[in-house]
Amino acid sequence: MPCFFIPPNRIHFIHPEFWYLTSINVPLLMKFPLFGFLLFTIFSLYSCKEKEEGVQASINSIIELQEKSKISIQDSSYVFLKEAEQLFSTQVSIPDSLRAENEYLIGLYFENEEQLDSAAVHYFKATQWVQDSIKSPREVLYFRKAWGLYLLLEDHTNGLSISNRFISLLVPNDFENLALAYDFSENVYMSLQNYSMALEFSEKGAKAYSEKGDISNLTRKKIDQAFLQYFNLGNSKDAFKILDSLAEKSDGFSENLRAQLYDKYGILRFYAKDYSQSRENYQKALEEIKRIPSLESGQRNQRLGSQYANIMEVCIELKEYDLARKYADSVFLLGIDNVQPSTYQNVLKYQLKLDYETQNDIGSLLSSIDKLRTHQNKVHEEKMEAELLALTEANKRERDLLISQQELEINNLTLKQNRNWLIISICFLFLLIAIGVLFYRQRTIKSEREQLLMQQRLLRSQMNPHFTLNALSAIQRLIRENQEKSVDYLVKFSRLLGLIFENSQDNYIPLKDELESIENYLQLQSLRFPSRFTFQMHRKNGRMDVLVPPMLIQPFVENCIQHGFSDPNIKGKIDLSVVILDDFVFCEIEDNGIGSLPPNPDQSTRSTALIAKFLKKTTGKEIEYINKSEKSENDRGLIVRLHLPYKN
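Residues numbered from 1 in each chain as written. Predicted model: local features only at pLDDT ≥ 70, side-chain atom pairs only at ≥ 80, totals over all residues. Heavy atoms only, no water.

Some words on the overall build of the protein
Where we set the bar: Only DSSP runs of H or I covering at least 4 residues are called helices, and only runs of E covering at least 2 are called strands; the numbering of each starts at the N terminus. Any residue under 20% of the maximum accessible area for its type is buried, any over 50% is exposed, and the rest in between are partly exposed; the area is computed with a 1.4 Å probe on protein chains only. By definition in these notes, contact holds between two residues if any of their heavy atoms fall within 4.5 Å. Here the open area of atoms and residues is found with the Shrake-Rupley method and a 1.4 Å probe, where only the protein chains shown may cover a residue.
Secondary structure summary: the protein contains 23 helices and 9 strands in total. Every one of the 648 residues in the protein was classed for burial, and the buried ones make up 44%. For the protein, the proportion of contacts with a sequence separation of at least 24, taken over those separated by at least 6, is 65%. Counting every atom, the protein has about 34,900 Å² of accessible surface; 52% of that belongs to carbon and sulfur.

Structure below.
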């Protein structure tokens with residue numbers, strides 16, 4: 001079928017290469033049929049060639065737009081990809097691979113914007129353009145991004161559907177990608193707490209690794225199965241059988257693989273309370289780590305520190321206190337900067353336990369507490385420095401990208417000035433206005449977002465050390481005054497310290513955890529001042545699973561004790577009420593103290609001032625202070641009302 005249309009009686013040509021055939025009568029062609037056939041064939045071929053060139057031009061434009069999107073800032077990236085999407089509708093012959101890549105890049109844009117539902121939809125569309133079989137690592141990436149996001153969103157139905165389709169597209173003997181799919185299915189069933197199905201897919205993954213001859217991943221998969229059997233299915237016998245089988249074959253493993261095997265074996269033996277076997281395996285893992293030839297020094301120190309800490313813990317359980325101190329000293333010799341923060345934190349906690357169990361002298365115990373306090377301050381200082389540096393670098397990169405984008409747009413417009421000057425002028429003016437509005441909007445939104453996050457981080461970095469230092473100072477005083485009473489204090493403090501360590505790492509934590517830390521704090525203070533005050537906590541509804549920013553309530557509770565009850569004749573009472581509304585968590589703190597805020601600024605008042613700014617920024621609500629004596633002469637005390645932001 002020809003690729004062009006011939007109107008009746010006359011053929012019109014407008015291409016300059018055929019200007020001499022501008023008007024040809026059809027009757028003339030009837031007289032010379034051979035000439036007409038040749039002419040018709042030439043025109044058909046030329047028309048088809050033009051169509052092919054049009055398709056190729058669209059393909060080139062799409063590739064160019066996709067490449068631009070990869071180096072552009074977020075909003076401009078999306079504009080380029082939507083422009084490419086419009087070209088798909090004008091040409092039906094565009095390769096599926098380009099359509100899949102465009103959907104993937106749009107999904108990546110939405111993921112960077114934290115619009116995960118939209119990102120998942122486009123990742124899913126990208127997988128649907130993969131037909132017949134998996135042909136490239138890029139196509140594997142589409143599936144991995146899709147099922148990874150569905151796992152995060154807990155959309156397990158779509159996730160398993162994509163995984164099954166991925167398996168159906170694999171070519172025979174593609175054991176590497178088959179193992180990837182089985183690993184994903186295992187993770188889904190672990191998330192669903194269907195441990196028997198998780199074990200089934202774990203075994204399928206192990207078989208795929210075995211067929212591929214991948215001993216390292218096969219061994220790691222078997223170790224994972226042992227943990228699954230022990231911790232989730234309660235089959236300790238099967239768990240140790242798996243590890244025993246691996247240990248028998250360990251002579252053929254690399255030093256790194258043997259170190260991982262012995263370390264995991266030691267963990268299971270520790271939880272089984274077989275401390276002697278646990279220590280033996282930890283020490284084997286330690287020796288293997290020292291023998292790894294290609295391990296970079298930073299990783300070597302981190303792994304050595306972790307192993308020293310494990311052996312220290314098990315030595316305490318075996319009452320081998322001198323050996324425990326030896327391994328603690330080994331961690332300290334590596335240095336705080338050369339081990340993982342969690343390792344150093346655990347060693348300090350084990351040191352406290354060691355000093356307590358050995359009933360060491362007060363000086364040693366106080367030294368351990370000082371080390372813990374110093375470590376806590378250092379961790380927060382380093383975290384703040386890293387966040388400030390990251391913010392500075394991000395702002396610099398943003399400025400560079402904006403400049404590069406402006407230069408790119410100007411160059412592109414310059415190259416296209418071979419058309420109608422009036423149209424180009426109008427389009428250029430419109431484009432400059434659009435770019436200006438886009439950049440201004442993007443800068444404003446990003447600046448406000450970064451300012452808000454930095455304000456919240458600065459707030460937590462000031463409050464956490466202050467809170468911890470007060471509690472540690474109380475421990476020191478109480479140890480000197482009453483050593484028997486200090487035991488209960490240490491137990492409560494260790495729980496409170498654990499909550500602080502956990503909560504300080506996240507921007508949002510469960511409300512129940514925040515209230516638990518406040519309750520522990522009040523219990524510690526009431527233990528310290530048994531006759532100064534009593535307290536009650538009221539949870540007005542059952543929803544305590546929402547997420548709130550940490551450490552926003554505690555400074556006001558502290559003000560009640562430190563300032564509100566500063567008069568020794570006052571028998572203090574604190575009532576803390578929490579209720580979840582549609583848009584906020586409403587919190588009311590009521591006391592019967594002197595009924596005013598501290599007159600002189602200190603750390604706690606600076607914290608409340610920061611909190612007030614933060615809540616005003618995030619919720620638009622002011623903190624409300626009510627002096628009860630202003631409403632009734634017979635009443636006294638202060639009521640503080642807060643509106644906290646929350647996420648489900």
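A few points about the confidence of the model for the protein
The predicted coordinates of low-pLDDT regions are not to be read in fine detail. Here is the rule we go by: Per-residue confidence from the predictor is given as pLDDT, running between 0 and 100.
Summary statistics for the protein give a mean pLDDT of 81 and a share of 76% for residues scoring 70 or more. Below pLDDT 50 for its whole length, residues 1-32 participates in 41 contacts with residues either more than four positions away or in separate chains.

Topic: the pattern of salt bridges
Where charged atoms of side chains with opposite charge meet at close range, the side chains can pair. Put simply, the test is: What makes a salt bridge here is a side-chain nitrogen of Lys or Arg within 4 Å of a carboxyl oxygen of Asp or Glu, nothing more.
A full pass over the atoms with the stated rule returns 24 salt bridges. Note that lysine 82 is salt-bridged to glutamate 85, the shortest N-O span being 2.6 Å. Highlighted residues: lysine 82 and glutamate 85, both in helix α3 (residues 74-90), separated by 3 residues, approximately one helical turn. Using a relative accessible area of 25% as the deciding quantity, one classes glutamate 85 as partly exposed. Among the salt bridges present, the one from lysine 221 reaches aspartate 183, with a minimum N-O distance of 2.6 Å. Of this pair, lysine 221 sits in helix α10 (residues 215-232) while aspartate 183 sits in helix α8 (residues 175-191), placing them 38 residues apart in sequence. Of the two residues, lysine 221 and aspartate 183, neither departs from the other in class, the shared state being buried. If you follow the salt bridges from partner to partner, you end up with Glu67, Lys70, Glu101 and Arg138 in one network.

A few points about the sheet that holds strand β8 (residues 624-627)
The test is simple: Two strands qualify as a pair provided that DSSP identifies no fewer than 2 bridges between them. Only the stretch in contact is used when a helix axis is fitted, and all axes are lines through C-alpha atoms; the angle between N-to-C directions ranges over 0 to 180 degrees.
The sheet built from 5 strands is open, its strands ordered β4-β6-β7-β9-β8 with mixed pairing. Every other strand in the sheet has two partners, leaving β4 (533-539) and β8 as the edge strands with one partner each. Averaged over all adjacent pairs, the angle separating strand axes in this sheet is 15°, with direction ignored. Relative to strand β6 (residues 572-580), β4 is paired through 7 bridges, and the arrangement is parallel. Within β6, the residue paired with histidine 538 across the bridge is serine 577. Contacting β4, β6 and β7 (585-591), helix α20 (residues 511-528) crosses the sheet at an angle of about 165° to β4. Packing of helix α21 (residues 554-564) onto the sheet brings it into contact with β4, β6, β7, β8 and β9 (638-644), and relative to β7 it is tilted by some 5°.

Here we look at the packing of aromatic side chains
Both the distance between ring centres and the angle between the ring planes are used here to describe each pair of aromatic rings. What counts is decided by this rule: Stacked, edge-to-face and tilted labels apply to pairs of Phe, Tyr and Trp rings (six-membered ring for Trp) whose centres lie within 6.5 Å, assigned for plane angles under 30 degrees, over 60, and everything in between, in that order.
Applying the stated rule across the entire model yields 20 aromatic pairs. On the basis of an interplanar angle of 40° and a centroid distance of 5.3 Å, the ring pair of tyrosine 104 and tyrosine 142 is categorised as tilted. Pair noted here: tyrosine 104 is in helix α4 (residues 96-112) and tyrosine 142 is in helix α6 (residues 137-152), with a separation of 38 residues, a long-range link. One exposure class covers both tyrosine 104 and tyrosine 142, and it is buried. When the ring of phenylalanine 227 is compared with that of phenylalanine 231, the centres are 5.4 Å apart and the planes differ by 50°; the resulting orientation is tilted.

Some remarks on a nonpolar patch on the surface
Put simply, the rule reads: Put simply, a patch holds well-exposed residues, over 30% relative accessible area, that have no salt bridge, with like charges counted together within 9 Å and Val, Leu, Ile, Met, Phe, Trp or Tyr side chains within 5 Å.
A cluster of nonpolar residues, Leu429, Ile433 and Val437, forms a patch on the protein surface that exposes about 300 Å² of accessible area. With respect to the helices and strands, the residue valine 437 is situated in helix α18 (residues 421-481).

Quick notes on helix α11 (residues 236-248)
The cut-off we apply is this: Any helix carries an expected span of 1.5 Å times its number of residues minus one. Relevant arc is that of directions from the helix axis to the C-beta atoms, nothing else.
Along its 13 residues, α11 runs 18 Å from first to last C-alpha, staying within 8% of the 18 Å computed at 1.5 Å per residue. All of the buried residues in α11 are Ala239, Phe240, Ile242, Leu243 and Leu246. The buried residues of α11 occupy an angular sector of 150° when the element is viewed end-on, so they sit on one face. Turned more than 90 degrees from where α11 packs its buried face, Lys237, Lys241 and Glu248 sit exposed. On its buried side, α11 packs onto α10 and α12 (255-271).

With respect to the nonpolar core
Selection rule: Working definition of a nonpolar core: buried Ala, Val, Leu, Ile, Met, Phe, Trp, Tyr and Cys residues. They are joined through side-chain atoms within 4.5 Å.
In this structure, Leu511, Val585, Ile589 and Leu642 are the most contacted members of the largest nonpolar core, which totals 46 residues. Setting aside residues up to four positions removed in sequence, valine 585 forms contacts with Leu511, Val546, Val548, Val578, Val579, Ile580, Leu642, His643, Leu644 and Tyr646. Formed by 43 residues, the second largest nonpolar core is a distinct cluster that contains Phe240, Leu246, Tyr308 and Val314.

Concerning empty space enclosed by the protein
The cut-off we apply is this: Definitions used for this entry: grid spacing 1 Å over protein atoms alone; cavity, a set of points where a 1.4 Å probe fits but cannot get out; pocket, an open set with protein on both sides within 12 Å along at least 5 of 7 lines; lining residue, one with an atom within 4 Å of a point. Grid points are joined across faces, edges and corners, and a volume is the space filled by probe spheres set on the points.
All told, the structure shown has 3 cavities of 30 Å³ or more when counted by the stated rule. Here the largest cavity defines a volume of roughly 110 Å³. Listing elements by their share of the lining of the largest cavity, those giving two or more residues are α21, β7 and β9. The leading source of residues in the lining of the largest cavity is α21, at 5 residues.

Observations regarding the pairing of β7
The element β7 is extensively covered by neighbouring structure, given that 5 of its 7 residues are classed as buried. Two strands pair when backbone bridges link them, and β6 and β7 are joined in this way by 7 bridges, in the antiparallel orientation. Residue pairing in the sheet places aspartate 575 in a bridge with glutamate 590 of β7. Counting the residues that bridge the hairpin from β6 to β7 gives 4 residues. When β7 meets β9, the two strands line up antiparallel, connected through 6 bridges. The partner of glutamate 590 across the bridge, within β9, is isoleucine 639.

Observations concerning helix α15 (residues 321-334)
Its 14 residues place the ends of α15 20 Å apart at the C-alpha level, agreeing with the 20 Å of an ideal helix rising 1.5 Å per residue. The set of residues buried in α15 consists of Tyr321, Ala324, Tyr327, Ala328, Ser330, Val331 and Leu334. On its buried side, α15 packs onto α13 (275-291), α14 (297-317) and α16 (341-357). Looking one or two residues beyond α15, the residue adopting positive phi is glycine 335, at roughly 95°.

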